[in-house]
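Tertiary structure, described
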There are 2 protein chains.
Amino acid sequence: MALSDRKKRILRAIVESYITTAEPVGSKAVSELTGLDVSTATIRNEMADLTEQGYLEQPHTSAGRVPSPAGYRLYVNELMDRQQLTLQETQRINEALDLKMEELDRVIDRAGRVLSQLSDYPVFTMAAAKERLTVKRFDLLMVEDDAFIAVVMTDNSIVKNKLIRMSGQLSEPQLQMLSAVLNSSFTGLSREEMAQALDKLETRTAPGAFQLIALVVEFAIEVLESQGQQKFRTAGITHLLEHPEYRSLDKAKPLMAYLSDEGEGTPLPVALDPGKSMDILIGPENVNDALKDTSVVMASYDIGDNMRGVIGVVGPTRMDYAKVTARLSYFADSLTRMFGKELPSPEDSEE
Amino acid sequence: MALSDRKKRILRAIVESYITTAEPVGSKAVSELTGLDVSTATIRNEMADLTEQGYLEQPHTSAGRVPSPAGYRLYVNELMDRQQLTLQETQRINEALDLKMEELDRVIDRAGRVLSQLSDYPVFTMAAAKERLTVKRFDLLMVEDDAFIAVVMTDNSIVKNKLIRMSGQLSEPQLQMLSAVLNSSFTGLSREEMAQALDKLETRTAPGAFQLIALVVEFAIEVLESQGQQKFRTAGITHLLEHPEYRSLDKAKPLMAYLSDEGEGTPLPVALDPGKSMDILIGPENVNDALKDTSVVMASYDIGDNMRGVIGVVGPTRMDYAKVTARLSYFADSLTRMFGKELPSPEDSEE
DNA sequence: TCTAGCACTCACGTTCCTCAAGTGCTAAAT
DNA sequence: ATTTAGCACTTGAGGAACGTGAGTGCTAGA
């Protein structure tokens, strides 16, 4: 049952008013906002209909109306104007991203921070490998008599290194031998496969050499792990406090704790459908309990061929969807353009 | 003017009660807490004295007393018991730090998080080079026909690398030549000196080679910069909300914003005297406005010979100093023991 | 020097009331 | 059949009045 045009106008006015004021909207206000040339009584009737159809809610018998999740859903799907960004804003974004191409993490962190400032909501970011990662190449590099640097280059061209100290000494040819073994037996393997290959190798290799190889392979496994892991980061959580729905600490605390407990074992809040480039979850559509009264708008971007990131905005269900989606999609597009296919990774990595 | 023993006992009782309850303390409560065998009236007299001497304050005529900053100061300097850590806590700390020895940043991040959990206050961390940093050694490592990895090892044994792509091709001997130039002309120099040396080199080197050298040196300068920078990070800001003094958003917001605006240009909140290993700043003793009603307890730890870090706890002036100092100093000591002199860098070396 | 007692002060919680905003319904008008 | 005007009703917010209790300062006596 499609809504009449007038109902849509009314719903839209209510959503937009409530988004900005966070106060229930009454029939009089709607009449003024829509500019409809009908009396408030008529509007009340329409509002009663909308309530019955589940698009609006009443906090209590005699307050104005508030959009229900279904109302927001309809709004973002059909009613909302795509907002234009101002020139300053695009500049701001570009600056944040351009800035001499630092390492991946930092760029994304910075992106999160700026997006949060532009949207007045907290922002989270996440990045993870799409598929299986492998080591493309090992290099060993003598630095002192009793130490060498192991350089590991992954599939997606991330390069990491580690200084390895030995008890004995090692000659250059011996090192080359190790390097040859590593490159022939451990490239192109996933973590589990590497572990298996290492087991097999143990029996038919001299213990001394095996020990060194094991050290390097363990390091490589760590690298793959850290790349494969989803890194969850947040920025601008304090923006939450600016919105009246989080004035009460009981509301704010769980969500803030959830968001700020970054890094360590955060149960991932979201999974974006591979097809979509942008997704909106409104209130109860979120699985996680901490997000039940919260909306999440998120977009994905690609990092090289083999990784994908998600950047998202978190706010009250009455968040300003039009504003947020505009900024978010611009960000995600810029990030993809920046990290996209050709240049598969931030070239510098470190440790 | 030294305080009488009884006055000290009273002050101490008031501070400790107020620390746990966050409620003004009345004469009756003091009488019970101290176990002094005098009437409440006597205690009232003593409290009046203490108020006059500036160690206590009254929120309003007829509430109990609250410690003034001077009161806290006296408490931390003379009255406070050094708390013992429980076995579980030390284990917790050790686990957090041990955990297979990841890179420096992560260890410190994790340390901050655990310390925050143990103390129920937000924690900040900072690390910076003590003196001038230089590059100890360059290595160039061919990876493909048209790309090589530049490995830079600093003074304090931090190793970073970057993949450098070229337009043309390069032979192994040519690469060795570049490496020789870098190691002879750019090691042991500070950032500024490297920039100068690069200028001088330009005139007497072939343009192609010079361009590659410039890329590597620029990278090296970036590395030194990033090491020299003070990295300000925080953990557990939401703990603030658990304390009644930050119930009102007007109080909580500025401080939280200040703390959570990590990374980017945070005006550094603190500078620890080089001599001291632990320092306590109470309320107005803080220079920064956002910290005026806030106390900071911080301790320093050493990272190798050339870097020093600060880890600190932020909370209301009535923070539980005894508890915090105990945990903090244990952390700082452990960190120093871990990163201290001998093994100067995050890379762990295996025996 | 300490104590007991007393009058005084304030913040806080409760209750009660009013007020304004907004509603639903009905009856008349278009 | 819709729309409008009018009206009675509901409800939360805000404010005044009030009692309560914790805590104080002061004074007089031990």
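Look a little higher up for the structure.
1. Structural notes on the protein's contact with DNA strand C
Taken together, 21 residues form the shell around DNA strand C, and within it Ser-27 and Arg-65 of chain A together with Thr-42, His-60 and Thr-61 of chain B come nearest. Near the protein, meaning within 4 Å, the atoms of DNA strand C are sugar or phosphate in a fraction of 71%, with bases accounting for the rest. A distance of 3.2 Å separates a base oxygen of DNA strand C from a polar side-chain atom of Arg-44 of chain B. Contact between DNA strand C and Thr-61 of chain B: a phosphate oxygen at 3.1 Å from a side-chain N or O atom of the residue. Where the surface near DNA strand C is concerned, the elements lending two or more residues are α3 (40-52) of chain A together with α3 (40-52) of chain B. At four residues, α3 of chain B tops the list of elements feeding residues into the surface near DNA strand C.

2. So, the protein's contact with DNA strand D
What surrounds DNA strand D is a group of 21 residues, the closest being Ser-39, Thr-42 and Ser-62 of chain A together with Ser-27 and Arg-65 of chain B. Within the side chain of Arg-44 of chain A, one N or O atom sits 3.3 Å away from a base oxygen of DNA strand D. A distance of 3.3 Å is found between a base nitrogen of DNA strand D and a side-chain nitrogen or oxygen belonging to Ser-62 of chain B. Sorting the residues of the surface near DNA strand D by element identifies α3 of chain A together with α3 of chain B as the ones contributing at least two each. Sorting elements by how many residues they give to the surface near DNA strand D places α3 of chain A first, with four residues. A per-class count over the surface near DNA strand D returns four nonpolar, twelve polar and five charged.

3. Here's the deal with the packing of aromatic side chains
Centre distance and the angle of the planes are the two values used to describe a pair of aromatic rings. Residue and element names in this part refer to chain A. Here the structure, examined in full by the defined rule, presents four aromatic pairs over all chains. With centroids separated by 5.7 Å and ring planes inclined at 55°, the aromatic side chains of Tyr-72 and Tyr-321 adopt a geometry described as tilted. On the criterion of sequence distance, the pair formed by Tyr-72 in helix α4 (residues 69-79) and Tyr-321 in helix α11 (residues 321-339) is long-range, its members being 249 residues apart.

4. Describing the sheet that holds strand β4 (residues 135-144) of chain A
Residues and elements named next belong to chain A. Reading across the sheet, the three strands line up as β4-β5-β6 and stay open at both edges, with antiparallel pairing between neighbours. The outermost strands of the open sheet, each flanked by one partner alone, are β4 and β6 (159-165). Neighbour to neighbour, the strand axes of the sheet diverge by 20° on average, direction disregarded. Judged from the eight bridges that link them, β4 and strand β5 (residues 147-154) form a sheet pairing that is antiparallel. Considered in β5, the bridge of Asp-139 is made with Val-151. Packed on one face of the sheet, helix α7 (residues 172-185) meets β4 and β5 and runs near 165° to β4. Of the strands in this sheet, β4, β5 and β6 touch helix α9 (residues 207-228), which is tilted by about 40° from β5.

5. Some words on the environment of Thr-21 of chain B
Residue and element names in this part refer to chain B. Mapped onto the elements, Thr-21 comes out in helix α1 (residues 5-21). Since its relative accessible area comes to 41%, Thr-21 is described here as partly exposed. Residues Thr-21 and His-243, spaced 222 residues apart in sequence, show a C-alpha to C-alpha distance of 9.8 Å.

Rules used in this analysis
Residues numbered from 1 in each chain as written. Chains lettered and ligands numbered in written order. Predicted model: local features only at pLDDT ≥ 70, side-chain atom pairs only at ≥ 80, totals over all residues. Heavy atoms only, no water. Near = heavy atom within 4 Å. Polar contact = N/O pair within 3.5 Å; in protein donor to acceptor, adjacent residues only side chain to side chain. Helix = DSSP H or I, 4+ residues; strand = E, 2+ residues; numbered from the N terminus. Nonpolar A, V, L, I, M, F, W, Y, C, P; charged D, E, K, R; others polar. Phe/Tyr/Trp six-rings, centres within 6.5 Å; stacked < 30°, edge-to-face > 60°. Pairing = 2+ DSSP bridges. Axes fitted to C-alpha atoms, helices over the stretch in contact; angles between N-to-C directions. Contact = heavy atoms within 4.5 Å. Buried < 20%, exposed > 50% of the residue type's maximum accessible area, 1.4 Å probe, protein only.

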